[in-house]
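Analysis of the macromolecular model
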Amino acid sequence: MAIGTARFPETGDAAAWEPHDLDRSEVWCHRFTDAELAELPVSLGENHRDELHGMPALPLLASQMAVTARELKSGLGFRILRGLPSEDMTECELARAFWVLSRLLGEPVEQPGGVRIAHVRAEPGSRDRLGFRAAGALPFHADPEDVIGFLCVQPSREGGTRRLASAATVYNILAVEHPDLLEVLTQPFHVALTHSHPDHGHPWTRLPFLSLRDGVFNACAYPVHIRRAQKLAGVPELTERQNRALDVFDTVADGVAVSLELEAGDIEYFNNHVVLHSRTGFAAEGTGRHLLRVWLSIAGFRPLDPNHPARLKERMKGSDKG
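Residues numbered from 1 in each chain as written. Predicted model: local features only at pLDDT ≥ 70, side-chain atom pairs only at ≥ 80, totals over all residues. Heavy atoms only, no water.

Details of the packing of helix H4 (residues 167–177) against helix H7 (residues 240–255)
Any two packed helices are characterised by how steeply their axes cross, that is the angle between the axes, and by the distance between the axes. Stated formally: Helix axes use the C-alpha atoms of the stretch in contact, all axes being lines fitted to C-alpha atoms, and the angles between their N-to-C directions lie in the range 0 to 180 degrees. Numbering of helices and strands runs from the N terminus; a helix is a DSSP stretch of H or I covering at least four residues, while a strand is a stretch of E covering at least two. For a crossing to be left-handed, the near helix must be turned anticlockwise from the far one by less than a right angle; the clockwise case is right-handed. Whether two residues are in contact is decided by their heavy atoms: any pair within 4.5 Å suffices. Under the grouping applied here, Gly and all other residues not named as nonpolar or charged are polar, the nonpolar ones being Ala, Val, Leu, Ile, Met, Phe, Trp, Tyr, Cys and Pro and the charged ones Asp, Glu, Lys and Arg.
Look at H4 against H7: their axes get within 10 Å of each other, and the N-to-C directions meet at 115°. In terms of crossing hand, the pair formed by H4 and H7 is right-handed. Of the residues in H7, those touching H4 at Val170, Ile173 and Leu174 are Val248, Phe249, Val252 and Ala253. Of the residues contributing to the contact of H4 with H7, the split by class is seven nonpolar, no polar and no charged.

Shown next, in the form of structure tokens:
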């Protein structure tokens, strides 16, 4: 299925989809079969958060995760897995199942707070610290690891609408309708880091927001990290054109986004280098919104800029070993 390439040929990427394109394929969504679910109980023991070594084979689930991996890497860039029997599972069992499925896909990466499975829910007093623990709206963005995954423990009863959009499609639209602003977005922006840059020691790096190099599209769509970098020493103030380019990018993404709400027991994975996500605001109290989140690193997934946070972390780990 060649999605997006007829109307916007710039990237020629299968991940350049629009909402109506999702009707042409069902590969992006899978409902667990009874046979697949029957494999899960053997994985819900004490191996949670350990390696898969010694765990019984899970051939049907492993096959589905292989399909998921292909779709993330070279397809639409996202996949939803529906139907974990959440009503019959404890929160701990859901987390264990999520961990096992995610480990079949990639290597979980440490998240803020030193955890590898994060609870995404609003907490009193945390609105200004970590966006995933706040209730405010988030612009279209991506996270810095290869893949992000969410498991829905409890959907929001009001607000908190999640939307997805193709960053490749946004790139293609900007190339046609706003080439001047696309040029701005393909230039480096200062992006805040959680650790000091191994070359210059500052807590920021410089990355193009959007790029197309050697036929490979990448989005470093980190507007929150860009805004955070504005508070750091040595980072120049964003120009008027940069601010406008970021605003137009968000507007265009909103115009080609789709809302794919998760029900309890649903899991969603997407490629952070090609897919954007956003969230509307919701009341911090009483909505019940609760997701689990993983960040995954996948070997050979997509070539990244040497100054990308994931590549910098790899360099820092290598220097620690040396």
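Overview of the sheet that holds strand S7 (residues 162–166)
Going by this rule: A pair of strands is treated as paired once DSSP finds two or more bridges between them.
Pairing is antiparallel across the open sheet formed by four strands, whose spatial order is S5-S14-S7-S12. With one partner strand each, in any of the chains shown, strand S5 (138–141) and strand S12 (258–259) form the two edges of the open sheet. Alignment of S5 against strand S14 (residues 275–279), held across two bridges, turns out to be antiparallel. Across the sheet, Leu138 pairs through a bridge with Arg279, a residue of S14. Set on the sheet, H4 makes contact with S7 and S14; between it and S7 the angle comes to about 55°. Packed onto the sheet, H7 meets S5, S7 and S14 and runs at close to 80° relative to S5.

Topic: the confidence of the model for the protein
Basically, it comes down to this: Predictor confidence is given residue by residue as pLDDT, running from a minimum of 0 to a maximum of 100.
For the protein, mean pLDDT is 86; residues scoring 70 or higher make up 83% of the total. Segment residues 126–130 is flagged for pLDDT under 50; beyond a separation of four residues in sequence, or across chains, it makes six contacts in the model.

Quick notes on the environment of Ala118
Put simply, the test is: Note on exposure labels: buried denotes an accessible area under 20% of the residue type's maximum, exposed denotes more than 50%, and partly exposed covers the range between, all computed with a 1.4 Å probe on protein chains only.
Tracing the backbone shows Ala118 in strand S4 (residues 118–120). Judged by its relative accessible area of 1%, Ala118 falls in the buried class. For the pair Ala118 and Trp295, spaced 177 residues apart in sequence, the C-alpha separation works out to 9.2 Å.

Quick notes on the packing of aromatic side chains
The cut-off we apply is this: Paired rings are identified among Phe, Tyr and Trp, the last through its six-membered ring, by centres lying within 6.5 Å, and are further divided according to the angle between planes into stacked (under 30 degrees), edge-to-face (over 60) and tilted (the rest).
Counted under the stated rule, the structure contains seven aromatic pairs. Measuring from centroid to centroid gives 5.5 Å for Tyr171 and Phe217, while their planes differ by 75°, and the two rings are edge-to-face. Within this pair, whereas Tyr171 is found in helix H4, its partner Phe217 is found in strand S11 (residues 216–219), the two being separated by 46 residues in sequence. For the residue pair Tyr171 and Phe217, the accessibility class agrees, reading buried in each case.

A few points about the nonpolar core
Threshold: Only buried residues count toward a nonpolar core. Its members are Ala, Val, Leu, Ile, Met, Phe, Trp, Tyr and Cys residues joined through side-chain atoms within 4.5 Å.
In terms of nonpolar packing, the biggest core is built from 56 residues, with Phe78, Leu174, Leu185, Phe209, Leu210, Phe249 and Leu276 touching the most fellow members. Here Leu174 is in contact with Pro179, Leu182, Leu185, Leu210, Val248, Phe249 and Val252, once residues within four sequence places are set aside. Core analysis: the second largest hydrophobic core is formed by 29 residues, Leu37, Met65, Leu81 and Val153 among them.

Overview of the pattern of salt bridges
Basically, it comes down to this: What makes a salt bridge here is a side-chain nitrogen of Lys or Arg within 4 Å of a carboxyl oxygen of Asp or Glu, nothing more.
Counting across every chain of the model gives eight salt bridges. When the shortest N-O distance is used, the salt bridge between Arg293 and Asp143 registers 3.5 Å. Of this pair, Arg293 sits in strand S15 (residues 290–297) while Asp143 is found in the loop between S5 and strand S6 (147–154), placing the two residues 150 residues apart along the sequence. In this structure, the salt-bridge partner of Glu145 is Lys313, at a minimum N-O distance of 2.6 Å. Linking Glu145 in the loop between S5 and S6 with Lys313 in helix H8 (residues 309–321), this pair joins segments that are 168 residues apart in sequence.

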